[in-house]
Amino acid sequence: MIRNATFSITNRCNSRCKICNIWKTSDFSDELSVAEIGKLLTTPFFKNLDTVSITGGEPFLRADLKEIISLISKKLPNVKRIFLNTNASFAAKVVEVCSLCTALFDETILSISLDGREHIHNELRGINNHANVICLLKEVSNIKNLKISLSMTLSDKNCTREDLQYVYETAKNNSAMFSFRFADNSESYYRNCNLDLKVSAEKKKMVAEFIREYCRDNEFLQVLEQYIETGKIPFLIDEQGKNKCLAGKEFVFIHPDGSVAPCLYSSQRIDILHYKAKEIKLGEKEKCPCCTDCAIYPIIEYQKRIQQRRKNVK
C-alpha cells in the first residue's frame, strides 16, 4: 500500500540552479488546481498515506499553498507527517504555512536548501539568496513543534570539506538537522540529462569520511556512505541483481499535472483518476539503485514495521 508520497505541486522556480533545469519550464497550463488536487487525493490509491512531502520547483510560489495544505489534512486523515521544501526566498509565507502545518499534523519538517558557503551557495543557486536562508532559519526557530533541516545537494563545485563543514555547523548552531545527497540526472524531473554532474572518486571518499565522523546518527547518510563505498544498497538490489525497491508500492512521486510515477527518476506515469487496479505496474523495469532520501527513508520505515510485526508474532 502507498504510505508516502512526494508531491511536486509546481515546476515554477525563482532559482536558477546550475544542477537543475526545472526553472527553465515555461508552460504551466497542466498544473493542477486546488479542486483537482482534492479530487486526485480522494482516490482509493492514496487512502493509506501517512506522509506527504511538498516540493517543486519552489512550492511557496503557489498562492494557494495554504489551501492545498488544508485540503491534505481534510481529505487524508491518516497523514500525520508533512515535509515542506523551500529555497528560503519567501520567509513570511514559509512562517505562515509552517504555523498552519504544525496545527494540522503531528509532525512538520521544513527542509531548507543550503549548498555551502555564501559565495558557493549563491553561485550554484543562480540567485543571491544565502542571506535569505540565514534569515529564515532564525524566523522559523520560534515555531513550536517544527523540525528544521538544512539540505545540501552535492556537485563538483560544493563537494568540499569546507562546504560540508559550513552547512553542518550552520545547522548545528541553529538547532536544525543536517542532510545531503549527490546531484543526479533525471529527465522526468530535473530535466538535466544534458549536464555532467559527476563527482570524483576522491571527493566521494572524503564525503564518506565526513559521514563517519559527523553523521553516525543519520540513517539515510549511513546508507549513502555504504553506497559510496560499495556502489550497492543491499535492501534495494539482492545478490542476484533483482530490484527490491519499493517505489510504486510503498511510495510514489506525483507530478504537477497529477500523473503518478514510482519515483522521480521514473519515466513511467499513470493517470490515477482513471486507473484500474490491475493496470498498475509502477516500479517495474526501473533504473536502480538510486540513493535519495525520498526513496531510502520510506524503505527504512517499511523494514522497521516488518521487524516490529515479527517481534509481535514471537
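In what follows, the structure referred to is the one given above.
Note that the coordinates shown come from a computational prediction; the quantities given were computed from them, not determined experimentally.

**Notes on the pattern of salt bridges**
Then comes step 1: Counted according to the given criterion, the structure contains 20 salt bridges.
Then comes step 2: Ionic pairing is found between Arg62 and Asp64, a salt bridge with its closest N-O pair at 2.9 Å.
Then comes step 3: Of the residues examined, Asp64 reaches a relative accessible area of 17% and is grouped as buried.
Then comes step 4: A salt bridge links Glu225 to Arg216; its shortest N-O distance comes to 3.5 Å.
Then comes step 5: Owing to a relative accessible area of 10%, Glu225 belongs among the buried residues under this scheme.
Then comes step 6: Among the charged side chains, a network of salt bridges with common partners joins Arg12, Glu31, Arg62 and Asp64.

**Some points on the pairing of strand β6 (residues 177-182)**
Then comes step 1: With five of its six residues buried, β6 lies for the most part within the structure.
Then comes step 2: Bridging between strand β5 (residues 146-154) and β6 involves six bridges; their strand directions are parallel. The partner of Leu154 across the bridge, within β6, is Phe182.
Then comes step 3: Handedness of the β5-helix α6 (residues 161-173)-β6 crossover: right-handed.

**With respect to the environment of Lys75**
Then comes step 1: With respect to the helices, strands and loops of the structure, Lys75 is situated in helix α2 (residues 65-75).
Then comes step 2: A relative accessible area of 36% places Lys75 in the partly exposed class.
Then comes step 3: Sequence separation between Lys75 and Thr108 is 33 residues, and the spatial gap between their C-alpha atoms is 18 Å.

**Focus on the layout of surface pockets**
Vacant regions in the atomic arrangement are exposed by a probe of water-molecule size rolled over the atoms.
Then comes step 1: Of the pockets and cavities examined, the second largest pocket occupies roughly 790 Å³.
Then comes step 2: When residues of the lining of the second largest pocket are assigned to their parent elements, the largest contribution, three residues, is made by helix α8 (residues 219-230).

**Looking at the pairing of strand β3 (residues 81-86)**
For a regular strand, side-chain orientation follows a simple rule: the groups alternate between the two sheet faces.
Then comes step 1: Two elements, strand β2 (residues 51-55) and β3, share four bridges in a ladder whose sense is parallel. Looking at β3, one finds that Val52 is bridged to Ile82.
Then comes step 2: Regarding topology, α2 serves as the crossover connection from β2 to the parallel β3, and that connection is right-handed.
Then comes step 3: Alignment of β3 against strand β4 (residues 107-113), held across six bridges, turns out to be parallel. Directly across from Leu84, in β4, lies its bridge partner Leu110.

**Considerations on empty space enclosed by the protein**
Then comes step 1: Applying the stated rule across the entire model yields four cavities of 30 Å³ or more.
Then comes step 2: Put simply, the largest cavity is a space of about 50 Å³.
Then comes step 3: In terms of lining residues, the largest cavity is bounded by Arg3, Asn4, Asp50, Thr51, Arg81, Glu250, Pro298, Glu301 and Arg305.
Then comes step 4: A per-class count over the lining of the largest cavity returns one nonpolar, two polar and six charged.

How each quantity is defined
Residues numbered from 1 in each chain as written. Predicted model: local features only at pLDDT ≥ 70, side-chain atom pairs only at ≥ 80, totals over all residues. Heavy atoms only, no water. Salt bridge = Lys/Arg side-chain N within 4 Å of Asp/Glu carboxyl O. Buried < 20%, exposed > 50% of the residue type's maximum accessible area, 1.4 Å probe, protein only. Helix = DSSP H or I, 4+ residues; strand = E, 2+ residues; numbered from the N terminus. Pairing = 2+ DSSP bridges. Right-handed = clockwise from strand over helix to strand, strands pointing away. 1 Å grid on protein atoms, 1.4 Å probe; cavity = no way out; pocket = protein on both sides within 12 Å on 5 of 7 lines; lining within 4 Å. Points joined across faces, edges and corners; volume = space filled by probe spheres on them. Nonpolar A, V, L, I, M, F, W, Y, C, P; charged D, E, K, R; others polar.

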